[in-house]
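# Commentary on secondary and tertiary structure
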Amino acid sequence: MSAQVHDIGGYKYQPELETMPREKLAALQLERLRWTLRHAYDNVQHFRRRFDEAGVKPDDLRTLEDIRHFPFTVKDDLRAAYPFGMFAVPREQVVRVHASSGTTGKPTVVGYTRDDIDTWADLMARTLAACGARPGDIVHNAYGYGLFTGGLGAHYGAERLGCTVVPMSGGNTEKQIVLLRDFGAHVLCATPSYALNIAEVAEKEGMDLRELPLRIGVFGAEPWSDKMRAELDERLGIRAVDIYGLSEILGPGVASECVEARAGLHGWEDHFLFEIIDPETGEPRPMGETGELVITTLTKQALPMVRYRTRDITRLSDEPCACGRTHVRIMRVTGRSDDMLIIRGVNVYPSQVESVLVGLPGIAPHYQLVLRREGAMDSLTVEVEATPDTPESGYAEIAGRVRHQIKTMIGVTCAVEVKRPGEVPRSQGKAVRVRDLRREG
Ligand code: DLL
């Protein structure tokens, strides 16, 4: 592993965990997987029932590949067990819960024992270190605090790494900017869309964020593109690094890019087992092929998860990485299988629209997809925003160009509305990319 990774001062950092030879890592995974299956089967009614239905017992697992015989877990299983029915330890041993807001139906509730919180802090410290944060840095944490895992997850990790944490949470953007400047933060933790919002407000107020000590952006919780990364690097004067996680598995701290390569996110394999499956058939796919990411926890006590279907579409890579870490890389998550919109029979992912938009001159990186029902037909309007230097007389031409590009690249006919600068709503956390008005009209 390169010198930068070792050289991180006070934190009791164990690079050997991240550079373990793959055979040793696999042996560790197998041991921990066996424990997880036994723990889940013995202590969670849901897993016992599902394993029995599938005719598998924890001890049937002899190799890591045998995991394919075990049943999947999905978000609805957590909903059905609302609120605490999936916990594998007595509720009194659960020292923290978080919950996802859930756009429809009940939220999903997740829990942590004291040891789970400790593991999470370690994994987030590891994640922040991989992103380039160092002990002694000032970490401005703009992930939302509360039921969302982002705020407290990053907070505990930054403390564990030996940083000074500024627990800002999301929102109140003017104040964020003042404190970024006055406290001299080195690291900004936020969703990428909110970081862009911060950059924009700073520019409006005449503050050049590039002149501040800010060095690293630890961005995640939503899909973002390389174009957006280049924009964030440039406007904030930082290295923007991608981190991935989900509450059902842990929160942030499941996978992280390394600042050296910024090419795919190392999944922390000493704590999680990653698989890619065909989202239609559920069959495992070989290394390198695209499909749905499925994760099994290996050390979680309160909420062990067996083959959790994330709905995130990506691929894994076991190519060696410039940083020397041996943990498999999850290539950028570009979208979710359940974000898919069907517009007049054409499958459309918001991320596809984003990748069409980011290449076009005259428009800012803010957009929303608006769905309406006209009679029996669904219609899609793409709202884009003109850059400040685009004259309003040019809007019609931009709209035509965007419409044409979307038709050519994605195959769907849509309406395009060009909004004035600032008119597309700004993110305070996870960006809202789709407004579905079909049920309201
Ligand atoms: O978003 C945890 C998190 C907080 C991750 C802060 C990173 C930073 P949930 O609210 O449960 O948890 O949402 C999880 O968000 O299944 C993905 O669809 C999406 N997601 C998270 N990170 C990324 C990323 C947190 N880097 C869901 N790229 C996941 C793309 C991401 N999508």
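Just so we're clear, the structure is a prediction, and the values are computed from it rather than from any experiment.

Our focus in this paragraph is helix H9 (residues 192–204). Between the first and last C-alpha of H9 there are 19 Å, a value that for 13 residues agrees with the 18 Å anticipated at 1.5 Å per step. Among all positions of H9, only Pro 192, Ser 193, Tyr 194, Ala 195, Leu 196, Asn 197, Ile 198, Ala 199, Glu 200, Val 201 and Ala 202 are buried. On its buried face, H9 sits against helix H8 (173–183), strand S5 (187–190), strand S6 (216–220), helix H10 (226–236), strand S18 (363–374) and strand S19 (377–386). Note on H9: the residue one or two positions beyond its end, Gly 206, has a positive phi of about 80 degrees.

Once that is clear, we can look at the sheet that holds strand S12 (residues 308–314). If you trace the four strands from one edge of the open sheet to the other, you get S10-S11-S12-S15, paired in antiparallel fashion. Only two strands of the sheet have a single neighbouring strand rather than two, namely strand S10 (272–277) and strand S15 (335–336). In this structure, S10 lies alongside strand S11 (residues 291–297), joined through six bridges in antiparallel fashion. If you follow Ile 277 over to S11, its bridge partner there is Glu 292.

Let us look at the pairing of S5. Judged by which residues are buried, S5 turns out to be covered on both faces: Val 187 and Cys 189 on one side and Leu 188 and Ala 190 on the other are all buried. The pairing of strand S3 (residues 138–141) with S5 spans three bridges and is classified as parallel. In the sheet register, His 140 faces S5, and the bridge partner there is Leu 188. Relative to S6, S5 runs parallel, the two sharing four bridges. Residue pairing in the sheet places Leu 188 in a bridge with Gly 217 of S6.

The next thing to look at is the site of the ligand. Among the 20 residues in the neighbourhood of the ligand, the closest are listed as Asp 242, Ile 243, Ser 247, Asp 312 and Lys 430. Asp 242 places a side-chain nitrogen or oxygen 2.7 Å from a nitrogen atom of the ligand. Take Ile 243: an N or O atom from its main chain is 2.7 Å from a nitrogen atom of the ligand. Elements that contribute at least two residues to the shell around the ligand include exactly helix H7 (149–161), strand S7 (239–246) and strand S8 (251–256). When residues of the shell around the ligand are assigned to their parent elements, the largest contribution, five residues, is made by S7. Of the residues belonging to the shell around the ligand, the class tally is nine nonpolar, six polar and five charged.

An α-helical turn contains 3.6 residues, so a residue and the one three or four places further along point in the same direction. The first and last C-alpha atoms of helix H12 (residues 395–410) sit 22 Å apart over 16 residues, in line with the 22 Å expected at 1.5 Å per residue. Burial in H12 covers these residues: Tyr 395, Ile 398, Ala 399, Val 402, Ile 406 and Ile 410. The buried residues of H12 occupy an angular sector of 100 degrees when projected down its axis, which confines them to one face. Exposed residues pointing more than 90 degrees away from the buried face of H12 are listed as Ala 396, His 404 and Thr 408.

This part covers the domain arrangement of the protein. The domain architecture assigned to the protein consists of domain 1 (1–337) and domain 2 (341–436). Look at where the C-alpha atoms of domain 1 and domain 2 centre, and you get two points 30 Å apart. Taken together, the contact pairs 22 residues of domain 1 with 14 residues of domain 2. Here domain 1 and domain 2 share an interface that buries about 1300 Å² over both sides, 48% of which is from carbon and sulfur atoms. Its largest share of buried area at the contact with domain 2, domain 1 owes to Asn 197, Glu 200 and Lys 227, together 25% of the area lost on that side. For the pair domain 1 and domain 2, the interface holds one salt bridge. Between Arg 426 and Glu 200 there is a salt bridge, with the nearest N and O atoms lying 2.5 Å from each other. Our count for the domain 1 to domain 2 interface comes out at 11 residue pairs in polar contact (both at pLDDT 80 or more). Within the residue set of the side of domain 1 that touches domain 2, elements represented by two or more residues are H9, H10 and S15. It is H9 that provides the largest number of residues to the side of domain 1 that touches domain 2, a total of five residues.

Analysis parameters
Residues numbered from 1 in each chain as written. Predicted model: local features only at pLDDT ≥ 70, side-chain atom pairs only at ≥ 80, totals over all residues. Heavy atoms only, no water. Helix = DSSP H or I, 4+ residues; strand = E, 2+ residues; numbered from the N terminus. Expected span 1.5 Å × (residues − 1). Buried < 20%, exposed > 50% of the residue type's maximum accessible area, 1.4 Å probe, protein only. Contact = heavy atoms within 4.5 Å. Pairing = 2+ DSSP bridges. Near = heavy atom within 4 Å. Polar contact = N/O pair within 3.5 Å; in protein donor to acceptor, adjacent residues only side chain to side chain. Nonpolar A, V, L, I, M, F, W, Y, C, P; charged D, E, K, R; others polar. Arc of directions from axis to C-beta. Domains from an automatic or database assignment. Buried area = accessible area lost by both parts, 1.4 Å probe. Salt bridge = Lys/Arg side-chain N within 4 Å of Asp/Glu carboxyl O.

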